[in-house]
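Okay, here's what each chain looks like letter by letter:
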Amino acid sequence: ESSNDVLDKVVTMMKLNANFKLEINGHTDSQGDDALNLSLSEKRAAAVKNYLVAKGISADRLMAKGFGEIQPVADNSTKEGRAENRRVELKIKF
C-alpha cells in the first residue's frame, strides 16, 4: 500500500504511452534461504504486476521476474542496506 501513489503514476504513464512495456524486477536482501528469497522476490514482482493489471494495464505489456538476493544495491550487513535491497525496480521498454 505504501507504493500505491507511485504505482498509480506508473498506470497513468502506461495509459498515456501505449507503446511502452514494463519490466518489473523483484529483489530481496541476503537474509534467509536462497530459494525462499527467490520466491519472495517473484511474489513482489507479481504483486506489482497484478496491481497494474487491476488498474487497466494489459498483462501482455508487463513482464515480472524475481532475482532473489543476487543483485544487491547496498550492503547487506547493515539494517539500512538490507532495507534498500528489498525492492521492486521498474524498467520501461520500447
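Described below are features of the structure shown in this document. Fair warning: this is a prediction, and the values are worked out from it, not measured in the lab.

## Structural notes on the sheet that holds strand β3 (residues 87–93)
Across the sheet, which stays open at both edges, the three strands sit in the order β2-β1-β3 with mixed pairing between neighbours. Both outer strands of the open sheet, β2 (62–66) and β3, are each paired with one neighbouring strand and no more. Mean inter-strand twist for the sheet, computed between neighbouring axes without regard to direction, equals 20°.

## Notes on the layout of surface pockets
One number sums up the size of the largest pocket: a volume of about 220 Å³. Taken together, E1, S2, S3, N4, V6, L7, A47, V48, Y51, V88 and L90 make up the full set of residues lining the largest pocket. A per-class count over the lining of the largest pocket returns seven nonpolar, three polar and one charged.

## Quick word on the packing of aromatic side chains
The final tally for this structure, using the stated rule, is one aromatic pair. When the centroid spacing of 4.9 Å and the interplanar angle of 90° are considered together, the rings of F20 and F94 count as edge-to-face. Residue F20 is located in the loop between α1 (4–16) and β1 (21–27), and its partner F94 is located in the segment after β3; the two are separated by 74 residues in the primary sequence. What makes F20 buried here is its relative accessible area of 11%. Look at F94 and you get exposed, because its relative accessible area is 75%.

## Here we look at the environment of T12
Assignment of secondary structure puts T12 in helix α1. Remark: the alpha-carbon pair of T12 and F67, spanning 55 residues in sequence, is separated by 27 Å.

## Topic: α1
In an α-helix, one full turn covers 3.6 residues, which means residues spaced three or four apart are oriented alike. Relative to the 18 Å expected for 13 residues at 1.5 Å per residue, α1 spans 18 Å between its end C-alpha atoms, a close match to the ideal helical length. If you check which residues of α1 are buried, you get L7, V10, V11 and M14. Along the axis of α1, the buried residues cluster in a sector spanning 105°; they form a single face. Opposite the packed face of α1, turned more than 90 degrees from it, sit the exposed residues D5, V6, K9 and L16. Looking at the buried positions of α1, the neighbouring elements they touch are β1, α2 (34–54), β2 and β3.

## What to know about the pattern of salt bridges
A side chain of one charge can pair with a side chain of the opposite charge when the charged atoms of the two come close. Tallying each qualifying case throughout the model produces four salt bridges. Of the charged contacts, one joins E23 and K93 as a salt bridge, the two residues approaching to 3.6 Å between their closest N and O atoms. Here E23 is found in strand β1, whereas its partner K93 is found in strand β3, with 70 residues between them in sequence. A residue is classified by how much of its surface remains accessible, and E23, at 15% relative accessible area, is buried. The exposure class assigned to K93 is partly exposed, which follows from its relative accessible area of 38%. The salt bridge partner of E89 is R87, with a shortest N-O separation of 2.9 Å.

Conventions adopted
Residues numbered from 1 in each chain as written. Predicted model: local features only at pLDDT ≥ 70, side-chain atom pairs only at ≥ 80, totals over all residues. Heavy atoms only, no water. Pairing = 2+ DSSP bridges. Helix = DSSP H or I, 4+ residues; strand = E, 2+ residues; numbered from the N terminus. Axes fitted to C-alpha atoms, helices over the stretch in contact; angles between N-to-C directions. 1 Å grid on protein atoms, 1.4 Å probe; cavity = no way out; pocket = protein on both sides within 12 Å on 5 of 7 lines; lining within 4 Å. Points joined across faces, edges and corners; volume = space filled by probe spheres on them. Nonpolar A, V, L, I, M, F, W, Y, C, P; charged D, E, K, R; others polar. Phe/Tyr/Trp six-rings, centres within 6.5 Å; stacked < 30°, edge-to-face > 60°. Buried < 20%, exposed > 50% of the residue type's maximum accessible area, 1.4 Å probe, protein only. Expected span 1.5 Å × (residues − 1). Arc of directions from axis to C-beta. Contact = heavy atoms within 4.5 Å. Salt bridge = Lys/Arg side-chain N within 4 Å of Asp/Glu carboxyl O.

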